[in-house]
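Summary of structural features
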Amino acid sequence: MARFYELLLPFLTGKPLEQSLVETETKEGACQGPWRSPQRSSTAYVRCIFEAVHFMLVERGLSEIQADQVQLALQSEFVDMIANDMQYTLPDENGRRVCEMALGILSDSTVR
């Protein structure tokens with residue numbers, strides 16, 4: 001976890017860790033960015049990547065809708081890769097659940 005603070009946070013904020021900590025303390029707990037719903041499923045290992053990409057895109061100047069569109073494109077590519085993989089191998093029970101979830105998430109994101 002120490003690597004997270006030493007390497008990733010300065011990359012995300014574009015500032016040294018110490019400066020980010022001082023700025024956070026002087027803002028008296030001010031919330032940065034929009035509220036995001038917490039992860040409640042067993043796919044946190046994938047979801048955390050999407051959340052990190054979303055945060056970086058918004059921090060770099062994209063609007064929320066533009067960041068959501070990039071996320072939709074990434075989800076679409078993810079489903080395309082699953083379809084390609086299924087031409088060569090069939091998933092086990094857990095793999096089928098992941099495929100169903102990926103399709104469901106893509107469908108939900110598309111209609112939003």
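Residues numbered from 1 in each chain as written. Predicted model: local features only at pLDDT ≥ 70, side-chain atom pairs only at ≥ 80, totals over all residues. Heavy atoms only, no water.

**Considering the overall build of the protein chain**
What counts here: Secondary structure elements follow DSSP: runs of H or I of four or more residues count as helices, runs of E of two or more count as strands, with numbering from the N terminus. The protein chains shown are the only cover counted for residues, whose accessible areas, like all others here, come from Shrake-Rupley with a 1.4 Å probe.
Looking only at helices and strands, the protein chain features five helices and zero strands. Of the accessible surface of the protein chain, which amounts to about 8,800 Å², a share of 61% is contributed by carbon and sulfur atoms.

**A look at helix H5 (residues 93-111)**
To be explicit about the condition: Helix span is expected to be 1.5 Å times the residue number reduced by one. For the exposure calls, accessible area comes from a 1.4 Å probe over protein chains only, and a residue counts as buried if that area is under 20% of its type's maximum, exposed if over 50%, partly exposed in between. Arc, as used here, means the arc of the directions from the helix axis to the C-beta atoms. Pairing of N or O atoms within 3.5 Å defines a polar contact, subject to two protein rules: one partner must be a possible hydrogen donor and the other a possible acceptor, and residues neighboring in sequence count only if both atoms are side-chain atoms.
Taking 1.5 Å of rise per residue, the 19 residues of H5 would be expected to cover 27 Å, and the 28 Å separating its terminal C-alpha atoms lies within 8% of that figure. Turning to H5, its buried residues number three or more, namely Gly 95, Cys 99, Ala 102, Leu 106 and Ser 109. Along the axis of H5, the buried positions cluster into a sector of 100 degrees, meaning they face one direction only. Opposite the packed face of H5, turned more than 90 degrees from it, sit the exposed residues Glu 100 and Val 111. The distance from a side-chain oxygen at the start of H5 to the backbone nitrogen of Gly 95 is 2.7 Å, and the residue carrying that oxygen is Asp 92.

**Let's talk about the pattern of salt bridges**
What counts is decided by this rule: Salt bridges, as used here, are contacts in which a Lys or Arg side-chain nitrogen is within 4 Å of a carboxyl oxygen on Asp or Glu.
Enumeration according to the criterion identifies one salt bridge in this entry. The shortest N-O distance in the salt bridge between Arg 96 and Glu 93 comes to 2.9 Å. Pair noted here: Arg 96 and Glu 93 are both in helix H5, with a separation of three residues, about one helical turn. On the accessibility criterion, Arg 96 (39% relative accessible area) is partly exposed. Residue classification places Glu 93 among the partly exposed positions, given a relative accessible area of 49%.

**Details of helix H4 (residues 64-86)**
Here H4 contains 23 residues, and its C-alpha end-to-end distance of 33 Å stays within 8% of the 33 Å for a straight helix at 1.5 Å per residue. Inspection of H4 places Ala 67, Gln 71, Gln 75, Val 79 and Ile 82 among the buried residues, and these make up the whole buried set.

**A few points about the side chain of His 54**
On the secondary structure map, His 54 appears in helix H3 (residues 44-59). A polar contact is formed between the side chain of His 54 and the side chain of Glu 64, at a distance of 3.1 Å.

**Considering the nonpolar core**
What counts is decided by this rule: Among the buried residues, those of types Ala, Val, Leu, Ile, Met, Phe, Trp, Tyr and Cys that are joined through side-chain atoms within 4.5 Å form a nonpolar core. Here, two residues are considered to be in contact whenever any of their heavy atoms come within 4.5 Å of each other.
Core analysis: the largest hydrophobic core is formed by five residues, namely Val 79, Ile 82, Cys 99, Ala 102 and Leu 106. No other element matches H5, which puts three residues into this core. Among residues more than four places away in sequence, those in contact with Leu 106 are Leu 72, Gln 75, Ser 76 and Val 79.

**Structural notes on the environment of Phe 55**
With respect to the element layout, Phe 55 can be found in helix H3. Between the C-alpha atom of Phe 55 and that of Ala 67, which follows or precedes it by 12 residues, the distance is 8.4 Å.

**Some details on the packing of H4 against H5**
To be explicit about the condition: Note on definitions: angles span 0 to 180 degrees between N-to-C directions of axes, and those axes are lines fitted to C-alpha atoms, for helices only across the stretch in contact. Any angle that is under 35 degrees is reported as roughly parallel, and any over 145 degrees as roughly antiparallel; angles of 65 to 115 degrees are reported as roughly perpendicular and all others as oblique. By definition, any crossing whose near helix is turned counterclockwise from its far helix by less than a right angle is left-handed, and any crossing with a clockwise turn is right-handed. Each residue gets one of three labels, nonpolar for Ala, Val, Leu, Ile, Met, Phe, Trp, Tyr, Cys and Pro, charged for Asp, Glu, Lys and Arg, and polar for the others, Gly among them.
Axis separation between H4 and H5 bottoms out at 10 Å; the angle between their running directions is 150 degrees. Compared by their axis directions, H4 and H5 come out roughly antiparallel. In terms of crossing hand, the pair formed by H4 and H5 is left-handed. Taking contact as the criterion, the partners of Leu 72, Gln 75, Ser 76, Phe 78, Val 79, Ile 82 and Met 86 in H4 are, on H5, Cys 99, Ala 102, Leu 103, Ile 105, Leu 106, Ser 109 and Thr 110. Class assignment for the residues of the contact of H4 with H5 results in 10 nonpolar, four polar and no charged.

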